Amino acid sequence: MNKIGVGYALITDLEKKYVNMALDSGRLSPGPFVQKFEKKFAEMHKQKYGIACNSGTSSLHVALEALKEKYSWDQNSEVLVPAITFIATSNAVMHAGMKPVFVDVDSRTYNIDTKLIEEKITENTVAIMPVHTFGQPCEMDSIVKIATKYGLKIVEDCAEAHFAVYKGRPVASFSNIAGSSTYVAHTITTGIGGVITTDDTNLAEIARSLIAHGRACTCENCIAYNSKQVCKLRMQTEMDRRFMMIRLGYSYRIGELEGALGVAQLENKDFIINTRKANAKILTDGLKDVEQYLQLPYYPEYVEHSFMMYPLVIKDDKAFTRNEIVKYLEQNNIETRPMLPLLNQPIYKEIFGDIEKDYPVAQWINNNGFYVGCHHGLSKEELNMIIKTIHAFLENRIKDK
Ligand SMILES: Cc1ncc(COP(=O)(O)O)c(C=O)c1O
């Protein structure tokens with residue numbers, strides 16, 4: 001029997017067709033597929049600009065550097081990040097030469113606790129980085145209100161929440177600039193990759209330059225997509241603007257093969273999202289009767305969760321431990337993952353010291369949380385197997401006590 005995994009990449013005839021079209025075109029560097037992917041992804045998140053990157057991490061890094069350049073932030077600038085997220089969020093702040101300041105998370109939604117944000121704001125705070133963990137949108141009304149009150153920018157980390165919706169608006173549309181990951185296990189995938197989205201023309205230009213070695217030329221026609229077309233601006237400077245570097249940039253672009261995959265995935269998006277939601281409902285219905293032991297996903301009726309995964313947290317760790325249930329599930333072919341441990345990572349202990357105890361909710365999630373898959377590749381039988389296996393574990397444990 002195959003493992004019931006946490007992640008999945010849907011490869012239909014459409015993905016194959018577009019990738020083959022890219023191969024047949026002879027163009028592998030960013031071209032029409034990348035451009036289409038960027039435009040569609042941005043449009044679906046109600047943003048003007050999409051800039052495809054080679055990872056979610058690079059999308060966040062560049063988003064932060066673009067803001068840093070635009071607003072002249074320095075190395076003392078502080079960015080508020082949740083104490084539960086994948087390490088890439090806070091790493092990106094440090095890669096951009098600034099300081100992450102952690103805020104504990106809400107025990108029901110696992111997202112940044114908006115009640116705790118204000119006490120972390122200092123004269124050096126420049127931005128809030130809400131992370132829509134596991135596909136669940138953060139409380140954006142409160143975050144926007146606080147950001148406005150203190151003059152802070154917002155950078156949404158939408159890596160886990162493509163197409164999730166908060167009060168009728170998609171995530172990524174609440175911030176100055178946002179980053180997403182399209183790594184394999186994510187809702188839609190380009191294999192590896194990420195996308196920056198923004199409505200701000202200036203930030204988009206800086207970001208497009210930064211991902212391509214710091215080029216002066218950021219016009220989408222000539223930088224990559226249509227280099228055969230002669231651009232009037234290009235030769236007006238002493239050097240061809242495409243090869244004139246004006247900032248210390250990176251090589252963070254994707255190519256046509258990833259772009260082709262991305263376009264196909266966006267065309268399959270409704271199937272992907274709807275199946276994930278339906279699968280999560282099957283798990284929730286099947287696990288309702290064990291809610292006194294396991295905290296199931298909770299989300300208010302005004303959000304649309306995109307269920308990148310299905311998080312569970314043990315309510316009473318005296319009845320059984322996370323490792324016991326996880327071991328049992330893994331032995332029964334059900335894959336699990338810890339729920340984004342961050343502050344106890346060896347490298348963070350080295351950088352920040354032993355601070356996890358100051359974040360009790362994050363610590364509780366870290367000790368008691370795990371997730372299972374609810375992706376669009378799972379069958380009803382596999383979902384039922386997850387439910388049955390959890391029941392079997394609990395029955396044994398409760399009987400033993
Ligand atoms: C919340 C979050 N932010 C950022 C990233 C980084 O994305 P990538 O692995 O594509 O660099 C991830 C990846 O899993 C993530 O979950």
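Now for a look at the structure at hand. Values in this document were obtained by computation on a predicted structure and should not be read as measured data.

What counts, and at which threshold
- In this convention, every chain numbers its residues from 1, walking through the sequence in written order.
- For a predicted model such as this one, the threshold for reporting local features is a pLDDT of at least 70, and the threshold for listing and counting side-chain atom pairs is 80 or more; totals across whole chains, interfaces and linings nevertheless cover every residue.
- Just so you know, side-chain values use all the structure's heavy atoms and leave hydrogens and water out.
- By definition, two strands form a pair when at least two bridges between them are found by DSSP.
- Here a strand is any run of E in DSSP of at least two residues, a helix any run of H or I of at least four, and the numbering for each starts at the N terminus.
- Note on definitions: a residue-residue contact is assigned when non-hydrogen atoms from the two residues lie within 4.5 Å.
- Note on method: axes are straight lines fitted to C-alpha atoms, helices fitted across the in-contact stretch only, with angles between N-to-C directions ranging 0 to 180 degrees.
- The rule for a residue being near a molecule or strand is that one of its heavy atoms must lie within 4 Å of it.
- Pairs of N or O atoms are called polar contacts if they sit within 3.5 Å, as long as, within protein, a hydrogen donor faces a hydrogen acceptor (for residues adjacent in sequence, only side-chain-to-side-chain pairs).
- Accessible areas in this description were obtained via Shrake-Rupley with a 1.4 Å probe; residue shielding takes into account the shown protein chains only.
- A 1.4 Å probe that fits but cannot get out identifies a cavity on a 1 Å grid over protein atoms alone, an open set with protein on both sides within 12 Å along at least five of seven lines counts as a pocket, and a residue lines either if it has an atom within 4 Å of a point.
- Any molecule with more than half of its atoms within 2 Å of a cavity's or pocket's grid points is counted as sitting in it.
- Any residue that is not Ala, Val, Leu, Ile, Met, Phe, Trp, Tyr, Cys, Pro, Asp, Glu, Lys or Arg is counted as polar, Gly included; the first ten are nonpolar and the last four charged.
- Only buried residues count toward a nonpolar core, which is a set of Ala, Val, Leu, Ile, Met, Phe, Trp, Tyr and Cys residues joined through side-chain atoms within 4.5 Å.
- Relative accessibility under 20% of the residue-type maximum defines a buried residue, over 50% an exposed one, and the middle range a partly exposed one, all with a 1.4 Å probe and only protein chains included.
- Here the limits of each domain have been adopted from an automatic or database domain assignment.

Things to note about the sheet that holds strand β14 (residues 369-372)
Then step 1. With antiparallel pairing, the four strands of this open sheet are ordered in space as β10-β12-β14-β13. Looking at the sheet topology across the chains shown, the edges are occupied by β10 (294-295) and β13 (337-338).
Then step 2. Contacting β10, β12 (310-314), β13 and β14, helix α10 (residues 322-331) runs over the sheet at an angle of about 20° to β14.

Here's the deal with the site of the ligand
Then step 1. Not every one of the 16 residues close to the ligand is listed here, only the nearest: Gly56, Thr57, Asp157, Glu160 and Ser181.
Then step 2. Within the side chain of Asp157, a nitrogen or oxygen atom sits 2.8 Å from a nitrogen atom of the ligand.
Then step 3. Here an oxygen atom of the ligand and a side-chain polar atom of Glu160 are 2.6 Å apart.
Then step 4. Notes on the ligand: free accessible area 390 Å², of which the protein chains cover 88%.
Then step 5. The pocket occupied by the ligand, as judged from atoms lying within 2 Å of grid points, is the largest pocket.
Then step 6. Elements that contribute at least two residues to the shell around the ligand include exactly α3 (56-70) and α4 (88-95).
Then step 7. No other element matches the three residues that α3 contributes to the shell around the ligand.
Then step 8. Per-class residue counts for the shell around the ligand are six nonpolar, eight polar and two charged.

What to know about the nonpolar core
Then step 1. Residues Leu64, Val79, Phe102 and Met129 are the most contacted members of the largest nonpolar core, which totals 49 residues.
Then step 2. At the level of secondary structure, the elements contributing two or more residues to this core comprise β1 (49-53), α3, β2 (78-82), α4, β4 (125-128), α6 (201-210) and α12 (360-368).
Then step 3. Per element, the largest residue contribution to this core is six residues, and it comes from α3.
Then step 4. The two domains that each donate at least three residues to this core are domain 1 (13-267) and domain 2 (270-400).
Then step 5. Dropping the residues within four chain positions of it, Phe102 is found in contact with Val81, Pro82, Ala83, Ser90, Lys120, Leu342, Leu343, Tyr348, Phe352, Ile355 and Tyr359.
Then step 6. Core analysis: the second largest hydrophobic core is formed by 27 residues, Phe307, Ile334, Leu378 and Ile386 among them.

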